[in-house]
Amino acid sequence: MKRLWSSIASAALLVACALPAYAEKTMETDIAVVGGGLSGLSAATQATQLGAKVVVLEKQAKVGGTGLFCEGVFAAESKLQKRIGINVTKDFAYKLIMEYSHWKANSALAKHFVDRSAETVDWLDSMGIKIEYIGVGGHGGPLTWHVIAPGPDYLSGKNKKDYHCERIINVFSKYVTDKGGQILLQTPGTDLIMDNGKVVGVWAKDKSGEKIRINAKAVVIATGGFSSNKEMMKKYYPEYPDITPVGNIGKDGDGITMGIKAGADLEGMNTVQGYRPGLPGFHPADQMIALAVQPYFWVTPRGERYTDESNIVFWPYSNNSLVRVGGVAYAIYDDATRKMAVEQGIEMPLGEWVLAGTKLVKWEDAFNKELARKRGNVFKADTIEELAKQLNMKPEVLQASVARMNTAADTRKDAEFGKDPKFLRKVATGPFYATKLTPRHLGTLGGMKVTANNQVVKTSGDPIPGLYAVGTDSGGMYGDSYDLLLGGGTAGYAINSGRFAAEHAVKYIKQ
Ligand SMILES: Cc1cc2nc3c(=O)[nH]c(=O)nc-3n(C[C@H](O)[C@H](O)[C@H](O)COP(=O)(O)OP(=O)(O)OC[C@H]3O[C@@H](n4cnc5c(N)ncnc54)[C@H](O)[C@@H]3O)c2cc1C
């Protein structure tokens, strides 16, 4: 009897093994692109233009990813720059990238990016994506940030999102599908298919759980990094793994994980796109945050000033200095500063979110609402001593820090950190306010190591045939910090790297 049951069980097991866990379907394409964000759609568009058949896999219910948030792209020696007399040469830009990274960046990749950047703006233009104006990355930097102009649907009122990088996403996705390419939504790529060391396709799963085998001659990975993956953040950004990601969710490191399994080497995994500090759950344009991040007076939880606050003009610097002191600071300001921001407007713009001179008329509402919630994010007191007690600081420490700041403001000289006198403001007129600040970032910047054409390489340096990584799934454009000296670098790189991968892949599949 025991034997009979055992035979029945074995037979059942055999049948179960023969059946796939899910129903399975197969698709054939030239190039599979995993990730329908900025870099993935750029690769798909370029590949389509070059005559390749393309399938794009997108995990979310809509395309765009972080590409729905950006506003402008980097270029050096663009036609528009030349026409209006902006002199940012390719050589200057390339050397700046390399010097900022202490020559840790991938020289060949950075050079390719800079050299093709102006041509890529022409390419965008040829598809009806125009430039509205050219701005800077950080305050007073070189004019390289080519801000994308509103498209016709924005201007006609049909689609208010046909603007900035969202315009690029709209144009790219329409182009790919109009030309017969397929964009599969809610269909994440899950695993690469390898054959004899070459990548020959990718597995995906649609929203019903059906597995799809996509046989492709080349695969471009473009899943936007790993900022939503807690485990990867702990591993690769141990300094402050809970750093708040700004923007879209679902950047789970899927592409990098697939690449690792295929033997990809990694580069720059410890680098994030450090942003202005803020608070989890608050929009970057929130007026309470807009006042707190003005470069006036920030202290650690001990009540000690820790940096030249004006380093926020280059947000990666303010991120680095905040992470260094443990990731929590308090912006403390007095009623005179509050009044100035509300009645005259802020001095430091928050990019396009809150422009310089904006009167923070919503500040009071936002601050008081948060105060009433008693979540330890904001504090208000009539004296510095009382404020210090609320913040669990030694009153004498905070009072001494305030006294030094007030002396600096009176003498117009910051003996502690040498801040530009125009940002020296007293903390003297009660009531006094404190807003907690913690690190935020716009995404991760490390990923698979690539060649100048975005072919993924193994630790041996040999490319993995048929595999490309682009945008924030590829490393090599940075040293230890995000580079804001040249505005538009990450979106510009996303688009350019997508093009490089597509161009190379199309040649590769013709071999
Ligand atoms: C608020 C904000 C403002 C910004 N402004 C600028 C700017 O003005 N200039 C600039 O240079 N940069 C800017 N950036 C950065 C820039 O937007 C990004 O660097 C760029 O979009 C990265 O492109 P990407 O293709 O690598 O990733 P994404 O655009 O995020 O695309 C990744 C895509 O992959 C999808 N995906 C994830 N996993 C899978 C999977 N397993 N299968 C299929 N799909 C998957 C995601 O859903 C997403 O759609 C900004 C970022 C933010 C957050």
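The structure under discussion appears in the preceding block.
Let me begin by describing the structure that accompanies this report. (Residues numbered from 1 in each chain as written. Predicted model: local features only at pLDDT ≥ 70, side-chain atom pairs only at ≥ 80, totals over all residues.)

1. Remarks on the packing of helix H2 (residues 38-49) against helix H16 (residues 489-510)
Right, on to step 1. Running from N to C, H2 and H16 cross one another at 35°; their axes reach a closest spacing of 7 Å. Two packed elements cross with a definite hand, and for H2 against H16 that hand is right-handed. Here H2 contributes Leu38, Ser39, Gly40, Ser42, Ala43, Gln46 and Ala47 to the contact with H16, which in turn contributes Ala491, Ala494, Ile495, Ser497, Gly498, Arg499, Ala501, Ala502, Glu503, Ala505 and Val506.
Right, on to step 2. Its residues assigned to classes, the contact of H2 with H16 comprises 10 nonpolar, 6 polar and 2 charged. (Axes fitted to C-alpha atoms, helices over the stretch in contact; angles between N-to-C directions. Helix = DSSP H or I, 4+ residues; strand = E, 2+ residues; numbered from the N terminus. Left-handed = near helix turned anticlockwise from the far one by under 90°. Contact = placed C-beta atoms within 7 Å. Nonpolar A, V, L, I, M, F, W, Y, C, P; charged D, E, K, R; others polar.)

2. Some details on the site of the ligand
Right, on to step 1. The immediate surroundings of the ligand are formed by 41 residues, with Gly37, Gly65, Gly224, Gly247 and Gly471 found nearest.
Right, on to step 2. Counting residues per element, the ones that place at least two in the shell around the ligand are H2, strand S3 (72-74), strand S17 (440-444) and H16.
Right, on to step 3. Residue contributions to the shell around the ligand peak at 5 residues, all from H16.
Right, on to step 4. In terms of residue class, the shell around the ligand is built from 12 nonpolar, 23 polar and 6 charged. (Near = placed C-beta within 6 Å.)

3. Topic: the packing of H2 against helix H7 (residues 164-178)
Right, on to step 1. For the pair H2 and H7, interaxial distance at closest approach is 9 Å and the crossing angle is 40°. As summarised for this structure, H2 and H7 are arranged oblique, according to the angle between their axes. Between H2 and H7 lies a crossing whose hand is left-handed. Side by side, H2 and H7 meet where Leu38, Leu41, Ser42, Ala44, Thr45 and Thr48 of the first sit next to Cys165, Ile168, Ile169, Phe172, Ser173, Tyr175 and Val176 of the second. (Parallel < 35°, antiparallel > 145°, perpendicular 65-115°, else oblique.)

4. A look at the nonpolar core
Right, on to step 1. Counting 142 residues, the largest nonpolar core has Val219, Val220 and Ala331 as the members making the most contacts within it.
Right, on to step 2. Per-element accounting of this core gives the leading share, 9 residues, to H16.
Right, on to step 3. Counting residues domain by domain, this core receives three or more from each of domain 1 (25-273 + 442-509) and domain 2 (278-438).
Right, on to step 4. Here alanine 331 is in contact with Ala292, Val293, Phe297, Trp298, Ala434, Thr435 and Leu437, once residues within four sequence places are set aside. (Core = buried A, V, L, I, M, F, W, Y, C linked by C-beta atoms within 7 Å. Buried ≥ 20, exposed ≤ 12 C-beta atoms within 10 Å, placed from the backbone. Domains from an automatic or database assignment.)

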